[in-house]
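# Structural overview for review
The chain contents come next:
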Amino acid sequence: RSAAWAWGARGSVSQFYFRDQTSTKFIDASRPEINAEPDNSVNLNQLLTNADITLSGGNDRRQIQFRASGAYALDFRSNGKDIRSLTALYLDYAENDLNLSLRLGRQTRNSAGVLGRFDGALLGWRAKPKLRFNLVAGFPVLSSRQTYILRDRFFYGASMDLGGRRDTFQTTVYWFDQRATGGFTDRQSVGIEARFLKSKFNAFTIIDYDVKFRKLNLGLLTLNYTFPDTSNFSVTADYRQSPLLTTSNALIGQINPVTFQAVDGLRGLREFFTDPQIYQLARDRTLTARSLTMNYSRPLTKKLQANLDFTLSDTGGSPESGGVPAMPPTGTEYYYGAQLVGSGMLWENDIYMLGARYSDTERSRTYTADFNARIPVTSKFRLSPRVRFGLRKDKLIESDFRQLQPTMRMNYYPMRHAEIEVEVGGNFSRQRTTTAGVLNTTKETGFVLSAGYRLDF
């Protein structure tokens, strides 16, 4: 006989008020006699309510779980619009005797061809301790603000997992097929994911190949090694289509010449293009992005650690086609970062981070300095000051932009599983641009505030 069922509930509820207001002043050097009036605006004035609740029950043979997670943003501006979002809403069921599991509803999966949130079903069967089969079907969710099922596209897929959770080598092979209304093949992929896990070295790779477009959609390789002195080095090579190559990309930039509105759905494109032309438009609107990232961290002392990172990226352009203008490539872009992290320097459990970043792109050079800390004043009260300064110099025109952002966050824990948080800050920026020998300046002063509470149970 199976054991008696046990039930439980857990989750969190939070409410936060956000306000962001700015005052912008434009100074035209060619007309110094005119005293510019500042432009005052409220960019954000809302109350955000979040809830994430899970109900679970089960015994030694069966388990069931229900999860709901979402948010509601109440906008207080006169022209504002309230926003509803639904992150998760699903029912989980597991049957131990049959080694079956089923999840129905809105969920998120980043494996086996499913790259994000969707409304649908995921069925899994563990045939052997190191062999599992999965079936998935549903409708992709473009944004959590989409609170309904979008039926324009439907997908299904099958995958096989080889290896146990503690095995050194684990792999997943899959087939993924997504269709769009009008009989279009939106995406059709085969892929493989592999993981290699050792105590000091691990690696992960994923290859997703679209058999419809005959093109590599995603190629990712991550290597991570920990040295005997506990320093760590990791490298990630990333090749992908941006956005992910689908026939729906053909809609990007397409305007109906009669209504001057965005074309609604792939079937709407048939008024102007043939099906082969639509598939070619999808290829044209999809960019190819490549990047290489390296990270190195090393403890300098028992309380101080240094982190270094470097990223090299290149995103290709797109040709002019279907009435959509061409997009030039970004060219090779370089990003450098360095950070010092100290802990336990003055108080127990305090943290200090000093960082610097530099980027060199086709359009500009950007320098950033950042300092933030977490200071536990008492066991129930914590201060987190932060100050950030940035400087951007444009390469194409004579222009520079400076920005200073100081903030202070205060966290108070009145009881277990409860938190009150208040953060205030400023945003001070200046942009100077020289046009035809005349210097123009735009100054902006901003104020930000967030305050709220969080309850966990």
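Data block above holds the structure.
Residues numbered from 1 in each chain as written. Predicted model: local features only at pLDDT ≥ 70, side-chain atom pairs only at ≥ 80, totals over all residues. Heavy atoms only, no water.

### Observations concerning the environment of D314
Its place among the elements puts D314 in strand 15 (residues 304-315). Along the chain, D314 and T332 lie 18 residues apart, while their C-alpha atoms are 4.8 Å from each other. Residues in contact with D314, not counting those within four places in the same chain, are T288, A289, R290, T330, G331 and T332. (Helix = DSSP H or I, 4+ residues; strand = E, 2+ residues; numbered from the N terminus. Contact = heavy atoms within 4.5 Å.)

### Looking at the side chain of D75
In this structure, D75 sits in strand 3 (residues 62-75). Overall, the relative accessible area of 11% leaves D75 in the buried class. Among the polar contacts listed, one links the side chain of D75 to the side chain of R77, at a separation of 2.9 Å. Aside from chain neighbours lying at most four places away, what touches D75 is N45, Q46, G80, K81 and D82. (Buried < 20%, exposed > 50% of the residue type's maximum accessible area, 1.4 Å probe, protein only. Polar contact = N/O pair within 3.5 Å; in protein donor to acceptor, adjacent residues only side chain to side chain.)

### Some points on the pairing of strand 17 (residues 351-360)
As paired strands, strand 16 (residues 331-343) and strand 17 are joined by 10 bridges and run antiparallel to one another. Bridge assignment links G342 to a residue of strand 17, and that residue is Y352. Where strand 17 and strand 18 (residues 364-376) come together, 10 bridges link them in antiparallel fashion. In the strand pairing of strand 18, G355 is matched with D370. Connecting strand 17 to the next strand, strand 18, in antiparallel fashion are three residues. (Pairing = 2+ DSSP bridges.)

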